[in-house]
Amino acid sequence: MAGLVVSSALVACLCFTQFSLTRPERLSLDAFDALDSVELRMANSIPTHAFASFVGSSRKISVVYFYKRDLSHLGTALRHFDAAKREQKLRQTAQFAKVNCTKDPAIPHCSAKKSHHFVYIVSQGSVKDVVPISEITEADVLIGRILQVLLGKSLKRIKTEKKLIELQRRSAGHQDIIVSYQLDDKPFEHRVFLEFAMDYRKQYLFVVTTKEKLSRVLGGGRTPSMPTAWYLHCAEEKDGSKTCRRTAYRGLLRSDGLVNFLRAMKLPTVITFSDQDLTTCRTLGLHVIYVFTNTVKKSEATEVAAALGKSFRGTAAVMLTNLDKISKSRLRALDVNMTREVELPAVAIQSNGHGDIHFMGGFAPENLLWYLQTYVTYYEDLQVHKEHQRKKRRTDSDGEGDVVAIAVNKDRVNTIDTTHISTLTDKTFTTVVEEEHFVVVVFHLTWDVRSKAFMHSYSEASKMLADDAECNVTLAQVLCDDWTDVCKLNNITSYPTVRVFVGGTFLKDYKGMLDTVEFVHFVKLLQIEAPIKIKSLDDVAAFNTGTLSELLKDSSHTSVVGAFKSQDQEDFQVFQQAARDLHGYFVLGAVTDEKLAAEFCAQFEAEVPCVVVVKRNDEYQQQKVLREDTMDTEALINFVRVASLPVFPKLTVRNFPALYRRSKPFVILFGGSSSDLGAVGEIAASEQINAVFSWMDLNETFAVELLDFYATSTDIPALVLLDHSTGNICHYPHSGNFGMKEIQAWVQECNEVKTGKLLEDKWRPVFPAQGFLRRLDAVGNSAKQLEHPRLPSDEYEEDERMILAYRARNVEQKRNEVKQKKKELEQKDQKYHSEKQEKVGEEQKIVREEQIKNEENEKKKKNNEKKTKPNEKAEDMPRDEL
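Conventions adopted
- Residues numbered from 1 in each chain as written.
- Predicted model: local features only at pLDDT ≥ 70, side-chain atom pairs only at ≥ 80, totals over all residues.
- Heavy atoms only, no water.
- pLDDT = per-residue confidence, 0-100.
- Contact = heavy atoms within 4.5 Å.
- Pairing = 2+ DSSP bridges.
- Helix = DSSP H or I, 4+ residues; strand = E, 2+ residues; numbered from the N terminus.
- Axes fitted to C-alpha atoms, helices over the stretch in contact; angles between N-to-C directions.
- Buried < 20%, exposed > 50% of the residue type's maximum accessible area, 1.4 Å probe, protein only.
- Polar contact = N/O pair within 3.5 Å; in protein donor to acceptor, adjacent residues only side chain to side chain.
- Salt bridge = Lys/Arg side-chain N within 4 Å of Asp/Glu carboxyl O.
- Disulfide = S-S within 2.5 Å.

Engineer: Any chance you could explain the confidence of the model for the protein here in plain terms?
Structural biologist: In low-pLDDT regions, the fine details of the predicted coordinates are not to be read closely. Mean pLDDT over the protein works out to 78, with 78% of the residues at or above the 70 mark. Under a pLDDT of 50 for its full length, residues 1-36 has, in the predicted model, 59 contacts with residues more than four places off or in other chains. Every residue in residues 870-882 scores below 50 in pLDDT, and together they form two contacts with partners more than four places removed in sequence or on other chains.

Engineer: Mind showing me how you'd approach the sheet that holds strand E25 (residues 666-670) here?
Structural biologist: Neighbouring strands of a sheet are bound in pairs by backbone hydrogen bonds; such pairs are parallel or else antiparallel. Spatially, E26-E25-E27-E28 is the arrangement adopted by the four strands of the open sheet, whose pairing is mixed. The two strands at the open ends of the sheet, each matched to only one other strand, are strand E26 (692-696) and strand E28 (728-731). Each adjacent strand pair in this sheet contributes to an overall mean axis angle of 20°, direction not counted. Alignment of strand E27 (residues 718-723) against E28, held across four bridges, turns out to be antiparallel. The partner of Val 720 across the bridge, within E28, is His 731. Strands in contact with helix H24 (residues 701-710) are E25, E26, E27 and E28; relative to E25, the strand with the most contacts, it is inclined by about 120°. Relative to the sheet, helix H25 (residues 740-752) contacts E25, E27 and E28, its axis offset from that of E27 by approximately 35°.

Engineer: Please clarify how the environment of Thr 76 should be interpreted in this entry.
Structural biologist: Looking at the secondary structure, you find Thr 76 in helix H3 (residues 74-85). Residue classification places Thr 76 among the buried positions, given a relative accessible area of 5%. Residues Thr 76 and Ser 134 lie 58 residues apart in sequence; the distance between their C-alpha atoms is 9.4 Å.

Engineer: For this particular structure, what's the right way to read helix H17 (residues 516-526)?
Structural biologist: Count 3.6 residues to each turn of an α-helix, and residues three or four apart come out pointing the same way. Within H17, eight of the 11 residues are buried, leaving the element largely enclosed by the surrounding structure. Residues of H17 that are buried: Thr 516, Phe 519, Val 520, Phe 522, Val 523, Lys 524, Leu 525 and Leu 526. At the N-terminal boundary of H17, the capping side chain belongs to Asp 515, with an oxygen 3.2 Å from the backbone nitrogen of Val 517.

Engineer: Any chance you could explain the pattern of salt bridges here in plain terms?
Structural biologist: Pairs may arise between side chains of opposite charge once their charged atoms sit close together. Applying the stated criterion across every chain yields a total of 19 salt bridges. Ionic pairing is found between Glu 212 and Arg 216, a salt bridge with its closest N-O pair at 3.2 Å. Placement of the pair is Glu 212 and Arg 216 together in helix H7 (residues 212-218), with a separation of four residues, close to one helical turn. Residue Glu 212 is classed as partly exposed on the basis of its relative accessible area, which comes to 43%. Here Arg 245 ties to Glu 236 by a salt bridge, and the two come within 3.1 Å at their closest N and O atoms. Given a relative accessible area of 37%, Glu 236 falls into the partly exposed group.

Engineer: Would you mind showing me how to read the state of the cysteines here?
Structural biologist: Put plainly, two cysteines are in a disulfide when a covalent bond ties their sulfur atoms together. For the coordinates displayed, the defined rule picks out four disulfides. Paired by a disulfide, Cys 480 and Cys 487 hold their sulfur atoms 2.0 Å apart. Disulfide Cys 480-Cys 487: the torsion about the S-S bond is -90°, which places it as left-handed. Of the two residues, Cys 480 and Cys 487, neither departs from the other in class, the shared state being buried. Disulfide pairing is shown between Cys 730 and Cys 750; the S-S distance is 2.1 Å. Residues Cys 730 and Cys 750 are joined by a disulfide whose S-S torsion is about -70°; by sign, that bridge is left-handed. Remark: Cys 750 occurs in helix H25 and Cys 730 occurs in strand E28; sequence separation between them is 20 residues. Residue Cys 730 is classed as buried on the basis of its relative accessible area, which comes to 5%.

What follows is the structure in structure tokens.
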């Protein structure tokens, strides 16, 4: 009776899963399926009468497949089914069976529709999961699903941040949580994590998510590219806490890595330095944070070490190192090289416990925490970058090494939307330009990669401008490969060229970045008069805050105000011409009332005439005043361009050209806390040092790559001086101490002493130029060619030979460079080893000399003893023997 109940329940479940659990099947056909005799391998694993007790087992879960007819991918799926059956870890917990419904249709479950499309995972008579045959591409897929059923309530699957917060709130003060982010196409990593969960399910709560958004929350804003895990320290939190401190797993998700990850969690928060503990940390692949101290300052160092140990638990081991009790020579023997003298207490980090140690600036706990976190992130990103560099090819077949071509050719799928762009011809060009008040035309070539790249931005800009009610502009394009006469009449010599026409006449060409936002700002600012007339102090305030006109709101972060006695003043004429030249790039306003001009200039302690640049996006220097008695147009334009730049900006690809044009050395701060940024920003704002100051965020890959290029080994935060004119690179030696006097002296020293050199790359074209003119001659009709005709294909073959020869020369040159570098490294190693051997030899010589001296002393001593002993013997001997 019990067996009948179980059978009925299973039939019901099978029928139900036909509708509720079916997933879309992949229509792929394995090439080896045809070789598989599925029918021959489908003998019943169990007799009909024993089936009910089999699926109703209380000791094991049952994995069953019902065969009716062959399906695409079935042969491959059954091979993986058999592989899962042979898995050692499942032998005690799972049993497998295949039922051939064509030979034994008596089993009632064979009557369920589409039951042969799935593998059923059954526990005590009820279906816990169904796996579509089309999804069993590996044995790990099926094993993972079986392990999920075995884990039951010990494993939570979540999709939202709200659910994650709820789990943390329930576990706070009681149990730690281990969360894993999984990808559908990585079944092996999923299986590894679930096997790990099976071993430790009684100690921790395990959670799995496949949601990218949730992985960004756990990863601090970053989306992991591979399956990974996080350890949530909920047991140490107070009851009811909504969030728990978390530690990220590093590296590929593997069994030994996860076990070491847990071992790292169980290490003491602070470890007193010892050889054994250092070896343990290195074995676990942990970063090692050394807190160097002496006996006097041990209590202060211990307090800081405890705070750091709690924050970096599982990621880095914190080792309290008392230099009064351990010598530097012993540290060197353990590969802990203190390359410079530091004020104690001090903190340094060693990546994975090996290599150079990097000191952190200062000893304030809050700054130290930030510096160390920045360095760990920097190091991890650097390893990823180096791995990519190792795999990266020098050239790309799509773009022949041209990065713009590569990007454009990879983006062939995305078509350009020209809904809001008019395409002009030789017949419509003049009509549109003359009839429309404000027209912007891009002249481009359809096959040119830079034209293609800009057309994407031009298309996006057309949508943004069409949606702006305040903006009245007509955007158009001319395809110069189709309408060469139109482009020739407009003297177009480079592509793409963006030209502006107002009222039927040419106004100016766009010279800014080929970027959507920059171009939209340019078009909006062109529709504002230049300069804007300002009639009151209220207008000045509105102008400087960008609220005087709707077009000013998001178009410019900089305002330029000129104050003059009247419009007849010569300085005003200069200002007016500068406003026209800068029209579209900067917005300029003019005060021409003498009384108002005096009031305005007095606010900045200047006399009339004055020009003030107001920067709304610069927290270190909000305004800059031109105090020259006489003005000329060129000098005024240069002043506006330089003064509008932030004095301490974040260095980006967008602002680098403008900063580079200042022709000054760059001083770049990599990393750094808010206090570091503030200190260097104030120095930059004082303008007492002749350099361009900027900063970069080490959480960004570009900054990581750049710092690695400038300095392979450096402390964090790092201050680097780079002079592009001389190629000089200089590193600031006082990391964390950013004082005016120290930086000023350092910059002066860097300019006098050349400490490093940028690589001298030879910027050659990737391939030799094609012989286009020669090809044209080859198909011409000159008398010489008529006498000795030569096919164009011959020229192409010659070009191909040139290209191959060029490539061969490049490869040979690169090999020679690699050999030279290898030779230099070998020479350095030989020099190092020879010096080391000489040093060891000298030490051995000293030891040998001491041994010889000792031996000679011993001999002398023995000789003296021998001389005295016969006399003693003579005294003891009987008289007759004497």
